[in-house]
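Report on the structure
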Amino acid sequence: MRRLKAIISYDGTHFSGYQAQPGKRTVQSEIEKVLTVMHKGEHIRIFASGRTDARVHATGQVIHFDTTLSIPAENYKVALNAQLPADVRILDMEEVSPDFHARFDAKGKRYRYKWNCDEVQSPFKRNYTVETRGRKPDVSKMENGAAYLVGTHDFTSFCAASTPVDDKVRTIYSIDFEWHDQELHMVIEGSGFLYNMVRIIAGTLWEVGIGKREAESIKDIIESKNREMAGTTAPPHGLYLEKVYY
């Protein structure tokens, strides 16, 4: 038995998220379907660094799985890509120690959120950036608001009310904003993220940027530990899981 680690990328547009769900098309189910064929009908389960929601994209998701096949990792990658649908790809694959775990060994993650500030958005970008219809935020205000989020905090206010975990303390290492032509990107790195946490942070900081709330209010939102105090959950198709750190 060998354990393989893979970095994968997927276009989340036509997926109901990463995690397998009965009757729905997911990233996990598509990869496991191909692995089952390769293993002559034996179900091979894959484990990821974390879940992504419907329409969320990934350029650097990490998975692992165990296999009895002796195919070299590079050939394994080629074989999988030849059979996977075009909206999911294995970027890199390597053999790792039997105790490696894609989720539990992760030390941190980087996400990217994209807004398109063109007055008229190209239809070819509609699934990959969030349209603002030409509205541009004050990025300096967003940066001021983001400064309150950096560090170790209880992020109860910045996760979905249905989040199942009790411990909502997480550490954000950095939040940066970048202009790429007419696209504004928020790049956020942290030790780990709660359910919908990045999208709620993006939605709240956007509201700061357009003057709907003050940057200083972020401090009060954190201290309140009340989801209703934070902003709207930003749409899923602007979010990308970019890198997992080990």
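What this report covers is the structure whose coordinates are included nearby. (Residues numbered from 1 in each chain as written. Predicted model: local features only at pLDDT ≥ 70, side-chain atom pairs only at ≥ 80, totals over all residues. Heavy atoms only, no water.)

**Some details on the environment of threonine 233**
Looking at the secondary structure, you find threonine 233 in the loop between helix H5 (217-224) and strand S10 (239-245). Considering only alpha carbons, one finds threonine 233 and phenylalanine 158, 75 residues apart in sequence, at a separation of 9.1 Å. Setting aside residues up to four positions removed in sequence, threonine 233 forms contacts with Asn196, Arg199, Ile200 and Arg227. Within the structure, the side chain of threonine 233 is placed 3.0 Å from the side chain of arginine 227, a separation counted as a polar contact. (Helix = DSSP H or I, 4+ residues; strand = E, 2+ residues; numbered from the N terminus. Contact = heavy atoms within 4.5 Å. Polar contact = N/O pair within 3.5 Å; in protein donor to acceptor, adjacent residues only side chain to side chain.)

**Observations regarding the side chain of arginine 3**
Position of arginine 3 among the secondary structure elements: in strand S1 (residues 2-10). The exposure class assigned to arginine 3 is buried, which follows from its relative accessible area of 16%. A polar side-chain atom of arginine 3 sits 2.7 Å from the main-chain carbonyl oxygen of phenylalanine 100. Apart from the residues within four sequence positions on either side, arginine 3 is in contact with His64, Phe65, Asp66, Glu94, Glu95, Val96, Ser97, Pro98, Asp99 and Phe100. (Buried < 20%, exposed > 50% of the residue type's maximum accessible area, 1.4 Å probe, protein only.)

**Things to note about the packing of aromatic side chains**
This model, assessed by the stated rule, comprises seven aromatic pairs. Seen in terms of ring centroids, tyrosine 10 and phenylalanine 15 are 6.4 Å apart; in terms of plane orientation they differ by 75°. Their pairing is edge-to-face. The pair tyrosine 10 / phenylalanine 15 is uniform in exposure class, with both members buried. Here the aromatic residues Tyr113, Trp115 and Trp206 are joined through ring pairs into a cluster of three or more. Against the face of tyrosine 240 rests lysine 114, its NZ or CZ located 4.2 Å from the ring centre. One cation-aromatic arrangement involves lysine 136 over tryptophan 179; the distance from NZ or CZ to the ring centre is 5.7 Å. (Phe/Tyr/Trp six-rings, centres within 6.5 Å; stacked < 30°, edge-to-face > 60°. Lys NZ or Arg CZ within 6 Å of the ring centre and 35° of its normal.)

**Some points on the side chain of histidine 57**
Summarising the element assignment, histidine 57 is placed in strand S3 (residues 57-67). The buried category is assigned to histidine 57, whose relative accessible area is 1%. Setting aside anything within four residues of it in sequence, one finds histidine 57 in contact with Tyr10, Asp11, Gly12, Thr13, Asn127, Tyr128, His237, Leu239, Tyr240 and Leu241.

**A closer look at the pairing of S3**
Across the 11 residues that make up S3, a large majority, nine, are buried. Where S1 meets S3, eight bridges bridge the pair, whose relative direction is antiparallel. Of the residues in S3, the one forming a bridge with alanine 6 is isoleucine 63. Pairing of strand S2 (residues 47-48) with S3, which is carried by two bridges, proceeds in the antiparallel orientation. Paired with alanine 48 across the bridge in S3 is isoleucine 63. (Pairing = 2+ DSSP bridges.)

**With respect to the packing of helix H3 (residues 139-149) against H5**
As a packed pair, H3 and H5 sit with axes 8 Å apart at the nearest point and diverge in direction by 30°. Between H3 and H5, the angle is such that the two are roughly parallel. With respect to the hand of their crossing, H3 and H5 are arranged in right-handed fashion. Touching Gly145, Tyr148 and Leu149 of H3 are Ile218, Lys219 and Ile222, all from H5. Partitioning the contact of H3 with H5 into residue classes produces four nonpolar, one polar and one charged. (Axes fitted to C-alpha atoms, helices over the stretch in contact; angles between N-to-C directions. Parallel < 35°, antiparallel > 145°, perpendicular 65-115°, else oblique. Left-handed = near helix turned anticlockwise from the far one by under 90°. Nonpolar A, V, L, I, M, F, W, Y, C, P; charged D, E, K, R; others polar.)

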